[in-house]
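Chains, contacts and geometry: an overview
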Amino acid sequence: KNPKAYNQFIRYLQQNKGACDEALGPQHWLKKLGTLTFTRPLAPIQIRFWEWNWAALMKVRRGVPLEPKETVGFLPWPRETGKSSHVEWACIAEGALLKTGYVIYLCAKQSQAIDHVVAIRDRIESEHVAELYPWMGKPRLGQHGNKFGWGQEFLMTQGGWAIRPVGADVAMRGGKSTNIRPTLIVPDDYDELGDSPHVVEHKEHMLTRAILPMGNMS
């Protein structure tokens, strides 16, 4: 009945292909984008995590400040519950829904952190992320047309979202990248069975004095 409004709505859907799937909530969104990952219904603990994470992302997108309880998530999940897969998809969700951001993926070893970043890159390339969010499917190009960060050590999309692996076993050289501060910090498999008191102290100092202070509290 309103051709002008209808045409505006159609243009909006064309420019925001994931809008309809986002409106149906995180469970539908995950299964639509991650058909190779989410082959079974989500467990209650997974649903609770995504409801919390999704609500926070929606608030950030609307420009609404987060409450302290919305800025920190703790996942004491047992093994075989897909914790790392869900956290990797939470990183992707930030880039897809917010178009921007800078993730620090922190593990006990640099090699572990790199594995997670590679897994995220593979998910973006092999699943349906780029179909609905084209800014996630291409690497950012440098001044001379060279790829700027689409590898193991650093992943940066054309839209500006980036993720960097960091291991507690290596020295971190600078937390900032492309003039932005980390918007999401993910400690995953940070401690290891058999860590000595000295190693535990080192990891604690690195996390609390070097990594967390880099976060963008705004």
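Given the structure is predicted, the values throughout are model-derived calculations rather than measurements.

1. Some remarks on the nonpolar core
General note: in soluble globular proteins, nonpolar side chains tend to be found buried as a group. The biggest cluster of nonpolar side chains holds 37 residues, and the ones touching the most others in it are Trp 29, Trp 89, Ile 120, Tyr 133, Met 136, Trp 161 and Ile 163. Of all the secondary structure elements, the ones that give two or more residues to this core are helix H3 (26–33), helix H4 (44–62), helix H5 (83–98), strand S1 (102–107), helix H6 (110–126) and helix H7 (129–132). Ranked by the residues each element gives to this core, the list is headed by H5, at nine residues. Sequence-distant contacts of Trp 29, that is, excluding residues within four places in its chain, are made with Asp 21, Glu 22, Trp 54, Trp 89, Ala 93, Ala 96, Leu 97 and Tyr 133. Within the second largest apolar cluster, 14 residues are counted, among which are Phe 154, Ala 168, Tyr 190 and Met 206.

2. What about the pattern of salt bridges?
The tally for this structure, following the rule as stated, stands at six salt bridges. Between Glu 22 and Arg 61 there is a salt bridge, with its nearest N and O atoms 3.0 Å apart. Placement of Glu 22 in helix H2 (residues 19–23) and of Arg 61 in helix H4 is noted, with a sequence separation of 39 residues between them. On the basis of relative accessible area, Glu 22 is assigned to the buried category, the value being 12%.

3. Describing the confidence of the model for the chain
The predicted model of the chain averages 84 in pLDDT, with 86% of residues at 70 or higher. Within the chain, no element has a lower average pLDDT than helix H1 (residues 3–15), which sits at 72, and none a higher one than H5, at 96. Predicted confidence is poor over residues 173–177, with pLDDT under 50, and the contacts of this stretch with residues over four places away or in other chains come to 10 contacts.

4. Points about unusual backbone geometry
Unusually for a residue other than glycine, Glu 80 sits at a positive phi of about 65 degrees. Within the secondary structure layout, Glu 80 lies in the loop between H4 and H5. Even without a glycine there, the phi angle at Lys 99 is positive, about 70 degrees. You can see Lys 99 is positioned in the loop between H5 and S1.

Calculation notes
- Along every chain, residues carry numbers that run from 1 in the direction the sequence is written.
- Whole-chain, interface and lining totals are the exception, using all residues; otherwise, since this is a predicted model, local features are given only for residues with pLDDT of at least 70 and side-chain atom pairs are given and counted only at 80 or more.
- With hydrogens and water excluded, all non-hydrogen atoms of the structure serve as input to the side-chain values.
- In this description, a nonpolar core means a group of buried Ala, Val, Leu, Ile, Met, Phe, Trp, Tyr and Cys residues linked to one another through side-chain atoms lying within 4.5 Å.
- Partly exposed residues are those whose accessible area sits between 20% and 50% of the maximum for their type, while under 20% is buried and over 50% is exposed, using a 1.4 Å probe and protein chains only.
- Think of it this way: any DSSP run of H or I at least four residues long counts as a helix, any run of E at least two long counts as a strand, and we number them from the N terminus.
- Every residue pair with non-hydrogen atoms within 4.5 Å of one another is taken to be in contact.
- Take a side-chain nitrogen of Lys or Arg and a carboxyl oxygen of Asp or Glu: if they are within 4 Å of each other, that pair is a salt bridge.
- Per residue, pLDDT measures the predictor's confidence, with a range of 0 to 100.

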